[in-house]
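What follows is the residue order along each chain.
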Amino acid sequence: MDLEKQFGANNYHPIPAVLQKGKGVYVWDTEGKKYFDFLAAYSAVNQGHCHPRIVAALQKQSEELTLTSRAFYNDKLGPFMSFLSHYFGLEKVLPMNTGAEGVETAIKLCRKWGYEVKGINKNKSKIVVCENNFHGRTTTIISFSNDKDATENFGPFTEGFVKIPYSNVSALEKVVKDPEVVGFLVEPIQGEAGVYVPDDGYLKTCFELCKSNNVLFIADEIQTGLARTGKRLAIDYENIKPDILILGKALSGGVYPVSAVLADACIMDVIKPGQHGSTYGGNPIAARVSIEALKVIEEEKLSDHSYKMGAFLRSGLDNISKKNNILNFVRGKGLMNAMIINDTPQSDTAWNICLALKNKGLLAKPTHGNIIRLSPPLVITKPQLEEALNIISDVLKSF
Ligand SMILES: Cc1ncc(COP(=O)(O)O)c(CNc2cccc(C(=O)O)c2)c1O
């Protein structure tokens with residue numbers, strides 16, 4: 001911890017736990033203390049820490065071929081692209097590394113489609129986004145953030161984005177008719193803002209509004225995707241096939257940075273050789289690890305399991321909130337949930353609750369003041385949830 005403080009940029013404020021080992025839903029600190037991991041690296045470790053099949057894929061590929069760049073083909077990328085295309089039902093895949101790179105790729109793809117297919121005036125494209133969004137930390141992405149911490153003194157910002165309130169159909173209806181609007185970028189559940197679940201039907205209505213106005217519907221499923229919310233993708237709750245799909249985090253089961261952008265050929269083919277890419281994008285380790293990570297989700301039926309365990313977790317938390325007014329209420333879908341603490345966002349109550357949870361063997365972290373996210377690896381079992389609920393109940397009783 002001290003070395004990080006001495007030599008590291010001060011760009012995080014971690015819960016004071018120094019972790020050394022992880023397995024399934026558990027992590028251990030350097031003193032050998034065991035914790036439930038209720039953050040799962042913000043939904044990057046859906047399959048559980050160090051899943052043996054995913055680690056084996058990483059190990060095997062790392063002894064064969066790690067990186068060639070896209071100057072050549074490699075024997076793992078085609079199978080990766082084919083697997084993703086069939087699994088998500090979109091024709092083409094553009095592989096990148098981090099979530100933000102995926103979002104940036106989607107923005108560039110949507111703009112280019114706007115000029116070359118929709119036919120809008122050069123450099124006039126607009127992409128609609130939602131207030132309180134979180135899509136990453138690059139300069140263009142924070143250009144459409146309204147979070148002061150994310151934007152202050154990082155200007156000048158990228159133009160071409162229109163912000164509207166989340167979960168508000170008429171707000172989209174007003175702006176989507178503008179002929180220069182080329183896309184609507186949305187999180188199916190707003191994760192970083194505090195696990196805001198939109199009204200039922202919101203996403204479907206927005207999708208239809210986009211369709212009827214020749215605007216691309218861009219689903220950022222980096223945090224909500226891959227069984228986290230109890231479905232393969234969060235948009236599956238409303239049977240939406242997005243024009244552009246962005247994946248990341250658990251795409252590699254937390255063992256390697258992998259992201260990907262998917263779209264049908266009529267959109268993806270606007271990108272020509274030499275117009276976009278990345279050194280590590282589509283490398284053989286990323287490809288082989290991700291195929292295994294997706295197979296684990298499928299074969300271990302993690303979507304159904306996440307759905308059932310999420311319902312069990314929320315009902316347990318609802319029972320706690322009935323007996324303890326420090327827990328205002330709970331919200332979420334599948335195993336993407338948050339506890340809303342009955343105090344002001346400016347108070348440090350949620351932080352102190354997380355410190356107390358840590359001392360009792362459960363790691364969680366507040367987002368935006370009084371909201372504590374609860375997103376364990378999806379492999380968590382009912383007995384483990386019962387034990388975790390007892391820890392949460394005991395801690396909340398002491399506040
Ligand atoms: C919905 C969504 N979109 C994009 C990103 C960016 O992904 P990358 O971080 O891989 O570039 C996210 C990331 N989500 C996220 C959640 C919490 C913390 C942090 C952090 O930057 O420490 C990131 C996300 O939750």
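The written sequence of each chain sets the order in which its residues are numbered from 1. Given that this is a predicted model, residues contribute local features only at a pLDDT of at least 70 and side-chain atom pairs are listed and counted only at 80 or more, while totals for whole chains, interfaces and linings are drawn from all residues. Derived side-chain values reflect all non-hydrogen atoms in the structure, with water molecules and hydrogen atoms excluded from consideration.

Enquirer: Which parts of the structure should I look at to understand unusual backbone geometry?
Expert: Leaving glycine aside, a negative phi is the common case for residues, and trans is the common case for peptide bonds. With an omega of 0°, the peptide bond between G155 and P156 qualifies as cis. One non-glycine residue with positive phi stands out, namely K249, at about 45°. A run of DSSP states H or I qualifies as a helix once it reaches four residues; a run of E qualifies as a strand once it reaches two. Both are numbered from the N-terminal end. Turning to its location among the elements, K249 is positioned in the loop between β9 (244-247) and β10 (259-263).

Enquirer: Can you walk me through the pattern of salt bridges in this structure?
Expert: Two side chains with opposite charge may pair up if their charged atoms get near one another. For salt bridges, the criterion is a side-chain nitrogen of Lys or Arg within 4 Å of an Asp or Glu carboxyl oxygen. Counted according to the given criterion, the structure contains 13 salt bridges. Here K112 ties to E116 by a salt bridge, and the two come within 2.7 Å at their closest N and O atoms. Taken together, the residues K112 and E116, both in helix α5 (residues 99-118) and four residues apart, mark about one turn of the helix.

Enquirer: What's the story with the nonpolar core in this structure? I'm lost.
Expert: Nonpolar side chains in soluble globular proteins generally cluster together in the buried interior. Nonpolar core, defined: a set of buried Ala, Val, Leu, Ile, Met, Phe, Trp, Tyr and Cys residues in which side-chain atoms within 4.5 Å join the residues together. Between buried and exposed lies partly exposed: a residue is buried under 20% and exposed over 50% of the maximum accessible area for its type, with that area taken using a 1.4 Å probe on protein chains only. With 85 residues, the main nonpolar core has F38, L84, F88, F184, F217 and L317 as its most contacted residues. Among the elements that make up this core, the one with the highest residue count is helix α11 (residues 284-299) (nine residues). An automatic or database domain assignment provides the domain bounds reported here. Mapped onto the domain boundaries, this core takes at least three residues apiece from domain 1 (2-51 + 301-397) and domain 2 (52-299). For F217, the residues in contact, after removing those within four places along its chain, are F184, V186, L203, C206, F207, C210, I240, P242, D243 and I244. Counting 29 residues, the second largest nonpolar core, distinct from the first, contains L185, I222, I267 and I271. It only takes one pair of heavy atoms within 4.5 Å for two residues to be counted as in contact.

Enquirer: Quick question: what am I supposed to make of the pairing of strand β3 (residues 34-37) here?
Expert: Each regular strand shows side chains that alternate between the opposite faces of the sheet. Pairing analysis gives three bridges linking strand β2 (residues 26-29) to β3, with the strands arranged antiparallel. For Y26, the partnering residue across the bridge sits in β3 and is F36. In this description, strands pair whenever DSSP reports at least two bridges between them. What sits between β2 and β3 in their antiparallel hairpin is a turn of four residues, with G32 showing a positive phi close to 85°. Here β3 runs beside strand β13 (residues 362-363); their pairing, made up of two bridges, is parallel. In the sheet register, D37 faces β13, and the bridge partner there is L363.

Enquirer: Is there a simple way to think about the packing of helix α4 (residues 77-88) against α11 in this case?
Expert: A pair of packed helices is characterised by two quantities: the angle between their axes and the separation of those axes. The contact between α4 and α11 brings their axes to 8 Å, and the two run at 30°. Between α4 and α11, the crossing angle belongs to the class labelled roughly parallel. When you trace α4 past α11, the crossing you get is left-handed. Residues L77, P79, F80, F83, L84, Y87 and F88 of α4 form the contact with α11, whose own contacting residues are A287, S290, I291, L294, K295, I297 and E298. Three residue categories are used. Nonpolar comprises Ala, Val, Leu, Ile, Met, Phe, Trp, Tyr, Cys and Pro, charged comprises Asp, Glu, Lys and Arg, and polar comprises the others, including Gly. Of the residues contributing to the contact of α4 with α11, the split by class is 11 nonpolar, one polar and two charged. Geometry is summarised by axes, namely lines fitted to C-alpha atoms with helices restricted to the contacting stretch, and by angles between N-to-C directions that run from 0 to 180 degrees. For this classification, under 35 degrees means roughly parallel, over 145 means roughly antiparallel, 65 to 115 means roughly perpendicular, and everything else is oblique. Left-handed is the label given to a crossing in which the near helix is rotated counterclockwise from the far helix by less than a right angle, and right-handed is the label when the rotation is clockwise.

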